[in-house]
Amino acid sequence: MEKAIYRAIRNGRADWKMHALSVFSLAVAFVCLASALLVVTNLDAVRDRWSRVGRTTAYLRDGVEPASVQELREALVRTPGVKQVRVVSPEETRRELVTESGDASMAALPPQAFSTSIEIDFEPAVADGDVKAVADKLKAMPAVDGVETYARWSERLGGLLRGGVLASLLLAVVVLGAVVSVVASTMRIVLERRKVEVEVQELVGATGDYVRAPFLVEGAAQGGMGALFALGLLAVLYAIVRARFDGTLGVLFGVQPTFLPWTVALGLVALGTALGASSSFVSLRRMSRL
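What you see is a predicted model, and the numbers here were worked out from it, not measured in a lab.

**Concerning the overall build of the chain**
Counting its regular elements, the chain contains 11 helices and four strands. The buried share of the chain, taken over its 290 residues, is 34%. Restricting to contacts in the chain with at least 6 residues of sequence separation, those with at least 24 account for 84%.

So, in structure tokens, the structure goes:
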């Protein structure tokens, strides 16, 4: 194996321009796949965060007496699974929205334009069905104008996540075709250039494995380096976007953007290496007796 690697390195130096072009072409394909996986990874983190948010907000109707608000709060505090209950006045709602958005038009609105709300935080162990049951009871109360459980956001993010997974699978098929095409084409050209060398090796009794080994190493190296180069390029782009990411967006979504997990990155490199080696093998079998 060491001899095969040495011969692959020696031959690769002679055709380094062609190999570099091949690696760049593969990197373009892998950047598309890695970018889709990066989006899916962050969407999954946001969906998981919102699915475990454990919060319900009840918006009260105008004109509700403070005594009724206090009674509703005390009843919620006694409800099993409720961790904390907070009554938010119209003034507090207005101040929080103005602080977070910085919108001058919202700051000009009077406090009467906002409604009183009750924010209910549940224990982490509370099931979604129990949260929904509390929300249904709140909706039936005359003093409550509306209830938000944030479940619909989780459902929408779940839909986006499924779409992202499907797009990633389609891109994986495209990448598969690109790797097979690029590596096979490169190996055909390399084999034509080394045709005399290969024939001499066969004449002196070299086995098919001996002759084929450096070509397989070159194909595997092209695929692995293409994936590795794509990850490096994506990391640079991610760092640029991450540096410009508004901190308030992280607060809004509840998570900060993250890069691909090391397991996914390693899997991409392994995928590129395996595809490169297998493509080289198939190309050699079709073009010669190797």
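**Some details on the packing of aromatic side chains**
Going through the model one piece at a time under the given rule, you end up with one aromatic pair. When the centroid spacing of 5.4 Å and the interplanar angle of 55° are considered together, the rings of Tyr238 and Phe259 count as tilted. On the criterion of sequence distance, the pair formed by Tyr238 in helix α9 (residues 208–243) and Phe259 in the loop between α10 (247–253) and α11 (262–287) is long-range, its members being 21 residues apart. What makes Tyr238 buried here is its relative accessible area of 19%.

**Description of helix α6 (residues 128–139)**
Over its 12 residues, α6 runs 16 Å from end to end, which matches the ideal 16 Å to within 8%, given 1.5 Å per residue. Turning to α6, the residues buried within the fold contact β1 (55–60), α3 (66–77), β3 (117–122) and β4 (144–148).

**Some points on the sheet that holds β1**
One open sheet accounts for four strands, arranged β2-β3-β1-β4; its pairing is antiparallel. Only two strands of the sheet have a single neighbouring strand rather than two, namely β2 (82–88) and β4. Here the strands of the sheet are splayed against their neighbours by 15° on average, with no regard to which way each runs. Relative to β4, β1 runs antiparallel, the two sharing four bridges. Bridge assignment links Ala58 to a residue of β4, and that residue is Val147. Packed onto the sheet, α3 meets β1, β2, β3 and β4 and runs at close to 165° relative to β2. Across the sheet, α6 touches β1, β3 and β4, and the angle it forms with β4 is around 160°.

**Brief notes about a nonpolar patch on the surface**
A surface patch of nonpolar side chains, about 410 Å² in accessible area, is lined by Leu21, Phe24, Val28 and Phe229. Within the secondary structure layout, Val28 lies in helix α2 (residues 16–51).

**Describing the confidence of the model for the chain**
With 71% of its residues at a pLDDT of 70 or more, the chain has an overall mean of 76. Of all the helices and strands in the chain, α10 carries the lowest mean pLDDT, 50, while α3 carries the highest, 86.

**Examining α3**
End to end, α3 covers 16 Å across 12 residues, agreeing with the expected 16 Å (1.5 Å per residue, within 8%). Those residues of α3 not exposed but buried are Val69, Leu72 and Leu76. End-on view of α3: buried residues confined to an arc of 65°, all on one side of the axis. Of the exposed residues in α3, the ones pointing more than 90 degrees away from its buried face are Ala67 and Glu71. In this structure, the buried residues of α3 make contact with β1, β2, β3, α6 and β4.

**Describing the pattern of salt bridges**
For the structure on display, the rule yields three salt bridges. Put simply, Arg61 and Asp145 hold a salt bridge, and the shortest N to O gap is 3.2 Å. Here Asp145 lies in strand β4 and Arg61 lies in the loop between β1 and α3, a separation of 84 residues in the sequence. For Arg61, a relative accessible area of 43% gives the class partly exposed. Across the pair Lys132 and Asp136 runs a salt bridge, and its minimum N-O distance is 3.2 Å. Here Lys132 and its partner Asp136 are both found in helix α6, four residues apart, which amounts to about one turn of the helix. Its relative accessible area of 51% is what places Lys132 among the exposed residues. On the basis of relative accessibility, which here comes to 34%, the residue Asp136 falls in the partly exposed class.

**A look at the nonpolar core**
Within the largest apolar cluster, 26 residues are counted, with the highest numbers of intra-cluster contacts made by Phe30, Val179, Leu260 and Leu268. Of all the secondary-structure elements, those providing two or more residues to this core are α2, α7 (151–193), α9 and α11. Not counting residues within four places of it along the chain, the set of residues in contact with Phe30 comprises Val175, Val179, Gly223, Gly226, Ala227, Ala230, Leu268, Leu271 and Gly272. Within the second largest apolar cluster, 17 residues are counted, among which are Val85, Phe122, Leu138 and Val147.

Definitions and cut-offs
- Residues numbered from 1 in each chain as written.
- Predicted model: local features only at pLDDT ≥ 70, side-chain atom pairs only at ≥ 80, totals over all residues.
- Heavy atoms only, no water.
- Helix = DSSP H or I, 4+ residues; strand = E, 2+ residues; numbered from the N terminus.
- Buried < 20%, exposed > 50% of the residue type's maximum accessible area, 1.4 Å probe, protein only.
- Contact = heavy atoms within 4.5 Å.
- Phe/Tyr/Trp six-rings, centres within 6.5 Å; stacked < 30°, edge-to-face > 60°.
- Expected span 1.5 Å × (residues − 1).
- Pairing = 2+ DSSP bridges.
- Axes fitted to C-alpha atoms, helices over the stretch in contact; angles between N-to-C directions.
- Patch = residues over 30% accessible without salt bridge, like charges linked within 9 Å, V, L, I, M, F, W, Y side chains within 5 Å.
- Areas by Shrake-Rupley, 256 points an atom, 1.4 Å probe, with all protein chains shown as cover.
- Salt bridge = Lys/Arg side-chain N within 4 Å of Asp/Glu carboxyl O.
- pLDDT = per-residue confidence, 0-100.
- Arc of directions from axis to C-beta.
- Core = buried A, V, L, I, M, F, W, Y, C linked by side-chain atoms within 4.5 Å.

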